[in-house]
Protein chains: 2
Amino acid sequence: MNLILLSPDDLENARLARVRDPRRLAHLAEVHRARVGDTLTLGLEGGLLGRGELLSLSDEEAVFDVSGLDQAPPPALPVHLVLALPRPRMLARTLEHVTALGVKSLTLLNTRRVEKSYWQSPELSEDKIRRHLLLGLEQARDTRLPTVTLAKGFRPFVEDRLPALLEGRQGLLAHPGMPDACPRGVEAPTLLVVGPEGGFIPWEVERLLEAGCRGIHLGPRILRVETAVTALLARLF
Amino acid sequence: MNLILLSPDDLENARLARVRDPRRLAHLAEVHRARVGDTLTLGLEGGLLGRGELLSLSDEEAVFDVSGLDQAPPPALPVHLVLALPRPRMLARTLEHVTALGVKSLTLLNTRRVEKSYWQSPELSEDKIRRHLLLGLEQARDTRLPTVTLAKGFRPFVEDRLPALLEGRQGLLAHPGMPDACPRGVEAPTLLVVGPEGGFIPWEVERLLEAGCRGIHLGPRILRVETAVTALLARLF
């Protein structure tokens, strides 16, 4: 936790914030070993960040002075990431990685090789997803939460939602064996599509290419989804 | 496991290999649901890979025809990675990530902010390290094991071993706040140094810069070690 992220509910007024949840209180005590008078890095969810003083601390709450927050959060990546739903533990870690890297919009997509049981996982609850996004923001010192959308049907996604997502964005389909190497240093708004373990089936690849995506690859190595997503984002942007 | 990796001990002769360990046998049965006559992707540790037939299968062993292996493994990254020893669970995952990405030489380094207890972790045993390297190779369809060296003293490493490692290699020190952005598309042999959670201390940064490393950064976001290492390798090479 490189940033204490404060939600709107934590704010008492423009100057004071009260943190009351056990997770952040435990972290303040055990990792920061924070004491009254210490200055810590704070951020307002969706807003500014900066340094703020710990004004009081008890087992039940920590009170911070948030009047001095004056820095904008780090820039976002110009990407909408469309990711075949990974298995639950991989999903948890991938949400943290991509949030830390600066992804702000993410669609989790059903594909033929996504196991149906993954859609029943408790990791997909709004609360659990939010928890992993917060961990990513706290890691990277960012304040703006990504938007996560679930797309439980491949065909409806490609037919009804993809065309609008591709307006004003280049579409890139990362898939082994595609003709072009992953480009570097892209600045244009991009939609990046990444398949499941085992890959997209040929019919899915055809639909995505027909919709206007360009096929790209990362070389001959087959990477786990979490490694591949981080590698793609780092090479692209 | 996108590749059944065969060790020299598995080879009976130039044509036959016998797999007897429970891990690979279980994977063959449960994930591949392999049957006699199936053709699978096989690789010889340190050697060629290709397709080979499963000639017999029992609870105790699987016998493969390895006479048809004729492909070179994918190219290695031109990098020697020097990584401050991560905490044990992060080490395990990072070994798999970097092996899958094609790192072939890795030094695990002690620094001021590496917790002493990490050096006592069972994850550092030769067996455990080898297991994670094998998982990385099997994931990426590679056959050449990385060499992992432990450097338990920062000063002896910098004074006695770093100069030789920097002969014929450019040294890059990845550290927040360094002046240059991480370069892209590097082909020159490179030594990449990555610090621990919490970073190098200023004295360590000075020693590494003095030794000839160039400081580079990945932007304002603070990334976990496993995310940062994957991002650096993907952007550099």
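What you see is a predicted model, and the numbers here were worked out from it, not measured in a lab.

On to the sheet that holds strand β7 (residues 105-109) of chain A, then. Residue and element names in this part refer to chain A. Pairing in this open sheet of seven strands is parallel, and the strands run β8-β7-β6-β11-β9-β12-β10 from one edge to the other. Only two strands of the sheet have a single neighbouring strand rather than two, namely β8 (147-151) and β10 (180-181). Here strand β9 (residues 170-174) runs beside strand β12 (residues 214-217); their pairing, made up of three bridges, is parallel. By the bridge assignment, Leu173 is partnered in β12 with Gly215.

Moving on, we come to the packing of helix α4 (residues 154-165) of chain B against helix α5 (residues 202-210) of chain B. Residues and elements named next belong to chain B. The interhelical angle for the contact between α4 and α5, taken along N-to-C directions, is 5°, at an axis separation of 11 Å. Put simply, α4 runs roughly parallel to α5. Taken together, the residues of α5 that come into contact with α4 (itself represented by Phe154, Arg155, Val158 and Leu162) are Trp203, Glu204, Arg207 and Leu208. For the contact of α4 with α5, the class distribution of residues is five nonpolar, no polar and three charged.

Residue and element names in this part refer to chain A. Domain boundaries in chain A define domain 1 (4-65) and domain 2 (79-236). In this complex, domain 1 contributes 12 residues to the contact, which on the side of domain 2 involves 10 residues. Area buried by domain 1 at its contact with domain 2 is led by Leu5, Arg23 and Glu45, which between them contribute 60% of it. Linking domain 1 to domain 2 there are two salt bridges. The partner of Arg130 in a salt bridge is Glu45, and the shortest N-O contact between them spans 3.0 Å. Along the contact surface separating domain 1 from domain 2 lie four residue pairs in polar contact (both at pLDDT 80 or more). When contributions to the side of domain 1 that touches domain 2 are tallied by element, the ones reaching two or more residues are α1 (22-30) and β3 (39-44). Looking at which element gives the most residues to the side of domain 1 that touches domain 2, the answer is β3, with three residues. For the side of domain 1 that touches domain 2, the residue count by class is four nonpolar, five polar and three charged.

We now examine the interface of chain B and chain A. It is common to give the size of an interface as the accessible area that goes away when the parts come together. Each partner contributes residues to the interface: chain B has 29 residues there, and chain A has 30 residues. Summed over the shared surface of chain B and chain A, the result is four salt bridges. Viewed at the interface, chain A and chain B are joined by 24 residue pairs in polar contact (both at pLDDT 80 or more). Of all the secondary-structure elements, those providing two or more residues to the side of chain B that touches chain A are α2 (88-101), α3 (126-140) and α6 (225-236) of chain B. Residue composition of the side of chain B that touches chain A, grouped by class: 12 nonpolar, eight polar and nine charged.

Below, the discussion takes up the packing of aromatic side chains. Remark: the centre distance and the inter-plane angle together describe each pair of aromatic rings, the angle taken between the planes. Residues and elements named next belong to chain A. Scanning all chains against the criterion turns up two aromatic pairs over all chains. Both rings, one in Phe154 and one in Trp203, keep their centres 5.8 Å apart while their planes meet at 55°; by these two values the pair is tilted. With Phe154 in helix α4 (residues 154-165) and Trp203 in helix α5 (residues 202-210), this pair connects stretches of sequence that are 49 residues apart. Here Trp203 falls in the partly exposed class, since its relative accessible area comes to 34%.

Residue and element names in this part refer to chain A. Inspection of α1 places Arg24, Leu25, His27 and Leu28 among the buried residues, and these make up the whole buried set. Angular distribution of buried residues about the axis of α1 spans 160°; they occupy a single face of the element. Away from the buried face of α1 by more than 90 degrees, exposed residues Pro22 and Glu30 are located. Buried residues in α1 make contact with β1 (4-6), β2 (16-19), β3, β5 (62-65) and α3 (126-140).

All names here are of chain A. Note that Thr39 resides in strand β3. Taking relative accessible area as the criterion, Thr39 reaches 41% and is therefore assigned partly exposed. Separated by 15 residues in sequence, Thr39 and Leu54 have C-alpha atoms that sit 6.2 Å apart. What Thr39 contacts, discounting residues up to four positions off in sequence, is Arg51, Gly52 and Glu53.

With that out of the way, let us pick up helix α6 (residues 225-236) of chain A. Residues and elements named next belong to chain A. Look at α6: 16 Å from first C-alpha to last across 12 residues, which is about the 16 Å you get at 1.5 Å a residue. With 12 of 12 residues buried, α6 is to be regarded as a mostly interior element. Regarding α6, the residues found buried are Val225, Glu226, Thr227, Ala228, Val229, Thr230, Ala231, Leu232, Leu233, Ala234, Arg235 and Leu236.

We now examine the layout of surface pockets. Estimated volume of the second largest pocket: approximately 390 Å³. Surrounding the second largest pocket, 21 residues form its lining, Leu218(A), Arg235(A), Leu77(B), Leu101(B) and Phe237(B) being those nearest its centre. The set of elements that each furnish at least two residues to the lining of the second largest pocket consists of α6 of chain A together with α2 and α6 of chain B. Within the lining of the second largest pocket, the residues separate by chemical class into 15 nonpolar, two polar and four charged.

Our next topic: the side chain of Thr111(B). Structurally, the position occupied by Thr111(B) is in the loop between β7 (105-109) and α3. For Thr111(B), the contacting residues outside a window of four places in its chain are Ala84(B), Phe154(B), Pro196(B), Phe200(B) and Glu204(B).

Our next topic: the packing of α2(B) against α3(B). All names here are of chain B. Their axes nearest at 8 Å, the elements α2 and α3 cross at an angle of 40°. As far as their axial angle goes, α3 and α2 are oblique. Like other packed secondary-structure pairs, α2 and α3 cross with a definite hand, here right-handed. Of α3, the residues touching α2 (which contributes Ala92, Leu95, Glu96, Thr99 and Ala100) are Ile129, His132, Leu133, Leu135, Gly136, Leu137, Gln139 and Ala140.

The rules we used
Residues numbered from 1 in each chain as written. Chains lettered and ligands numbered in written order. Predicted model: local features only at pLDDT ≥ 70, side-chain atom pairs only at ≥ 80, totals over all residues. Heavy atoms only, no water. Pairing = 2+ DSSP bridges. Helix = DSSP H or I, 4+ residues; strand = E, 2+ residues; numbered from the N terminus. Axes fitted to C-alpha atoms, helices over the stretch in contact; angles between N-to-C directions. Parallel < 35°, antiparallel > 145°, perpendicular 65-115°, else oblique. Contact = heavy atoms within 4.5 Å. Nonpolar A, V, L, I, M, F, W, Y, C, P; charged D, E, K, R; others polar. Domains from an automatic or database assignment. Buried area = accessible area lost by both parts, 1.4 Å probe. Salt bridge = Lys/Arg side-chain N within 4 Å of Asp/Glu carboxyl O. Polar contact = N/O pair within 3.5 Å; in protein donor to acceptor, adjacent residues only side chain to side chain. Phe/Tyr/Trp six-rings, centres within 6.5 Å; stacked < 30°, edge-to-face > 60°. Buried < 20%, exposed > 50% of the residue type's maximum accessible area, 1.4 Å probe, protein only. Arc of directions from axis to C-beta. Expected span 1.5 Å × (residues − 1). 1 Å grid on protein atoms, 1.4 Å probe; cavity = no way out; pocket = protein on both sides within 12 Å on 5 of 7 lines; lining within 4 Å. Points joined across faces, edges and corners; volume = space filled by probe spheres on them. Left-handed = near helix turned anticlockwise from the far one by under 90°.

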